[in-house]
Amino acid sequence: MGKPSSRSESSTKADRKFEKKLEFYAKVRDTVATLTTQKTIAKKKKLRSRQKKLKAYDLSSLSEFLPEFKKSQQPPPAEFKLNCKSRQKLILKEAKQLSTVLKHSSFQSDPLASIHQHLESTQPVIDEKQKKKNKNGGKKKKDKKTKSSTGPESMDM
């Protein structure tokens with residue numbers, strides 16, 4: 001009835017440590033798997049809600065009732081994808097543009113005024129009437145109708 005040998009005790013201790021490690025790694029693997037599934041589910045829900053919002057704001061069906069206008073404006077460029085090569089070209093183009101702006105005499109004399117002038121010439125003009133809101137926070141007033149009718153009206157069913 002003495003002590004068991006230290007060799008068998010150390011091997012069982014090592015085995016227990018190894019089993020603990022395996023259990024820990026299994027738990028970590030399970031939690032990572034559940035988190036990734038939860039993340040994908042959340043992404044799908046966000047995508048669905050975005051699609052519903054886009055459908056709610058889709059006014060293309062009203063285009064047949066609106067008067068047509070001349071398409072003298074340039075069509076927007078077809079889906080500009082920004083990859084490494086196009087990004088480099090864009091950076092070079094913008095750097096050249098910036099250097100020409102910085103060298104310009106009107107910009108050197110008064111930068112803010114020249115920027116303001118440039119924005120006025122390039123941006124569309126907004127009417128002052130559209131900028132102003134109503135006094136009651138932009139809400140329209142509803143006309144109150146009188147309760148008494150001004151003549152006999154028939155109720156057709």
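Residues numbered from 1 in each chain as written. Predicted model: local features only at pLDDT ≥ 70, side-chain atom pairs only at ≥ 80, totals over all residues. Heavy atoms only, no water.

## Brief notes about the overall build of the protein chain
Within the protein chain, the secondary structure is distributed over five helices and zero strands. Mapped in sequence order, the helices and strands of the protein chain form the string α-α-α-α-α. In the protein chain, which comprises 157 residues, the share counted as buried stands at 2%. For the protein chain, the computed accessible surface area is about 17,400 Å², with 58% contributed by carbon and sulfur atoms. (Helix = DSSP H or I, 4+ residues; strand = E, 2+ residues; numbered from the N terminus. Buried < 20%, exposed > 50% of the residue type's maximum accessible area, 1.4 Å probe, protein only. Areas by Shrake-Rupley, 256 points an atom, 1.4 Å probe, with all protein chains shown as cover.)

## With respect to a nonpolar patch on the surface
There is a patch of nonpolar side chains on the surface, built from Phe24, Tyr25, Val28 and Val32 and spanning about 390 Å² of accessible area. Considering the arrangement of structural elements, one finds Val32 in helix H1 (residues 6–56). For Val32, a relative accessible area of 46% corresponds to the partly exposed category. (Patch = residues over 30% accessible without salt bridge, like charges linked within 9 Å, V, L, I, M, F, W, Y side chains within 5 Å. Salt bridge = Lys/Arg side-chain N within 4 Å of Asp/Glu carboxyl O.)

## Quick look at the packing of aromatic side chains
One pass over the structure, following the stated rule, counts one aromatic pair. The interplanar angle of 55 degrees and the centroid separation of 5.9 Å between the aromatic rings of Phe24 and Tyr25 together place this pair among those described as tilted. Under the relative-accessibility criterion, Tyr25 is labelled partly exposed at 48%. (Phe/Tyr/Trp six-rings, centres within 6.5 Å; stacked < 30°, edge-to-face > 60°.)

## Section: the environment of Thr37
Secondary-structure assignment places Thr37 in helix H1. Its relative accessible area of 42% is what places Thr37 among the partly exposed residues. A distance of 2.7 Å separates a polar atom in the side chain of Thr37 from the backbone oxygen of Thr34. (Polar contact = N/O pair within 3.5 Å; in protein donor to acceptor, adjacent residues only side chain to side chain.)

## Side note on the confidence of the model for the protein chain
Overall, the prediction assigns the protein chain a mean pLDDT of 76, with 64% of residues at 70 or greater. Within the protein chain, no element has a lower average pLDDT than helix H5 (residues 128–131), which sits at 60, and none a higher one than helix H2 (residues 84–103), at 92. (pLDDT = per-residue confidence, 0-100.)

## What about a positive patch on the surface?
Where like charges cluster on the molecular surface, the positive patch consists of Lys13, Arg16, Lys17, Lys20 and Lys21. Judged by its relative accessible area of 64%, Lys20 is exposed. (Lys, Arg positive; Asp, Glu negative; His and termini not counted. Charge placed at Lys NZ, Arg CZ, Asp CG, Glu CD.)

## Points about the side chain of Ser114
Secondary-structure assignment places Ser114 in helix H4 (residues 111–122). Once residues lying within four places of it in the same chain are set aside, the contact partners of Ser114 are Ser106 and Phe107. (Contact = heavy atoms within 4.5 Å.)

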